[in-house]
Amino acid sequence: MNREDGTITDALRKAIGDCDKSLGQIAADTGIDSGRLSRFARGERTLTLPAADALARYFGLKLVKARKR
């Protein structure tokens, strides 16, 4: 997700936390249930791949292949 360390989950949670919009607005904009999004943001649950895809598109995040070290 354009980060050298961390996980996709970390990148999505950071994007949610850094966003100026409320969780309710993000949920409405992405079509993700607001309760599910809230529990994900608090670290209480995971997301389905389609939901993670929707959030990544919303925040403009892209998965990139890491360079070999």
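Here the structure is a predicted model, which is why all the values come from computation and not from measurement. (Residues numbered from 1 in each chain as written. Predicted model: local features only at pLDDT ≥ 70, side-chain atom pairs only at ≥ 80, totals over all residues. Heavy atoms only, no water.)

(A) Summary view of helix 4 (residues 49–59). Where helix 4 is concerned, the buried positions are Ala 51, Ala 52, Ala 54, Leu 55 and Ala 56. Looking one or two places after helix 4, you find Gly 60, whose phi comes out positive at around 70°. (Buried < 20%, exposed > 50% of the residue type's maximum accessible area, 1.4 Å probe, protein only. Helix = DSSP H or I, 4+ residues; strand = E, 2+ residues; numbered from the N terminus.)

(B) Representation of the nonpolar core. Core analysis: the largest hydrophobic core is formed by 13 residues, its most contacted members being Leu 12, Ile 16, Ile 32, Leu 37 and Leu 55. Mapped onto this core, the elements with two or more residues apiece are helix 1 (8–18), helix 2 (23–30), helix 3 (34–41) and helix 4. With five residues, helix 4 is the single largest residue contributor to this core. Setting aside its immediate chain neighbours within four residues, Leu 37 contacts Ile 16, Leu 23, Ile 26, Ala 27, Ile 32 and Leu 55. (Core = buried A, V, L, I, M, F, W, Y, C linked by side-chain atoms within 4.5 Å. Contact = heavy atoms within 4.5 Å.)

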